Amino acid sequence: MLIEKVKSIPGWLHDVAGHATTALLAYQTQMGRSGPVVEIGVFGGRYLALLADQANAAGDRTIGIDIYIYIDEETVLKNLQSVGIATGSVSLVRADSTGLDAAAFLAMSGGKPRFVSVDGDHAANAVYRDLMIVRDTMARDGICAIDDFLNPLAFGVNEGVNRLFFEGASGELRPVCYTGGKLFVAFPEHVERYQSVLEAFAREDLSVPETARFRELAAQNRAYVMQPLFGHEVLVIGER
Ligand SMILES: C[S@@+](CC[C@H](N)C(=O)[O-])C[C@H]1O[C@@H](n2cnc3c(N)ncnc32)[C@H](O)[C@@H]1O
């Protein structure tokens, strides 16, 4: 299984977040939805491998934006290939995301992305800026994964996300689900649909402990797995 294989690539990814992401992208493909899949902050390409696998299956492009000072582009491409990912439709773009505006981001992506992973600079200002770009460029029916939300080793991410929502800069973005360190956000008319996809995954999955915990908590009280955040109900999968 790819989620096991990508562990050979340097990086960070909780299994449950990998499975949830795969479920979301597969759902988009099943619905006939196509469009670029973009990650800000690639490092070795661990998460990008999962994204590219799903994008390739749908005939879509994958774009990885990074400053590439820790691991270079050639190595990332080799990492993807080492786990069986064809890289013909993968573009790695060397850029500081905090210096981009919406037009530059769209030009790099080649259109409005259907999926964006925000995992670049974890400083509050940078996260805030990256998310404003997502707000302004993501396809209306797209979804964005913000990594390291609630991670005490990356307080800047929380600060950036909180500021975005409390200062009213989030526009129409709404929180959808929190799982495996990732907060997923989407536009309002698609929130319920994505929550249904993720809840179906959490109810059916037998491979990770977080989904078992979800079922246990959901059976006790629905309020344990639907938590209010920024004034909206968010599905929580796997809180201990
Ligand atoms: C936590 S790592 C990303 C982990 C990766 N998503 C994975 O699957 O393991 C953060 C990455 O963000 C990149 N980065 C940091 N600041 C950035 C910036 N301003 N613009 C683009 N990328 C940046 C770093 O080079 C690093 O590769």
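In what follows, the accompanying structure is described. (Residues numbered from 1 in each chain as written. Predicted model: local features only at pLDDT ≥ 70, side-chain atom pairs only at ≥ 80, totals over all residues.)

### Here's the deal with the overall build of the protein
- Within the protein, the regular secondary structure consists of 10 helices and nine strands.
- Counting only C-alpha atoms and orienting by the principal axes, one finds that the protein spans roughly 50 × 40 × 35 Å.
- Per-residue burial over the protein gives 48% buried out of 240 residues.
- Considering only contacts within the protein whose residues lie at least 6 apart along the sequence, 74% involve residues at least 24 apart. (Helix = DSSP H or I, 4+ residues; strand = E, 2+ residues; numbered from the N terminus. Buried ≥ 20, exposed ≤ 12 C-beta atoms within 10 Å, placed from the backbone. Contact = placed C-beta atoms within 7 Å.)

### Quick notes on the site of the ligand
- Surrounding the ligand, one finds 21 residues, the nearest of these being G11, G41, F43, Y47 and D121.
- Listing elements by their share of the shell around the ligand, those giving two or more residues are α3 (46-57) and β2 (62-66). (Near = placed C-beta within 6 Å.)

### Details of the environment of V208
- With respect to the secondary-structure elements, V208 resides in the loop between α8 (188-204) and α9 (209-220).
- According to the C-beta neighbour criterion, V208 is buried, with 22 such atoms within 10 Å.
- Sequence-distant contacts of V208, that is, excluding residues within four places in its chain, are made with D15, V16 and H19.

### Here's the deal with the environment of D141
- Positionally, D141 belongs in the loop between α6 (124-137) and β5 (143-147).
- Excluding anything up to four places from it in sequence, D141 contacts R33 and H190.

### Quick look at the sheet that holds strand β8 (residues 226-229)
- With mixed pairing, nine strands are arranged side by side in an open sheet as β3-β2-β1-β4-β5-β7-β6-β9-β8. Two strands bound the open sheet, and with one partner strand each, they are β3 (90-94) and β8. This sheet shows a mean twist of 20° between the axes of neighbouring strands, independent of strand direction.
- In this sheet, strand β7 (residues 182-186) lies alongside strand β6 (residues 174-179) in antiparallel orientation, the contact comprising five bridges. Bridged to Y178 within β7 is L183.
- Against the sheet, helix α2 (residues 15-30) engages β4 (115-118), β5, β6, β7 and β9 (232-237), with an angle of about 135° to β6. (Pairing = 2+ DSSP bridges. Axes fitted to C-alpha atoms, helices over the stretch in contact; angles between N-to-C directions.)

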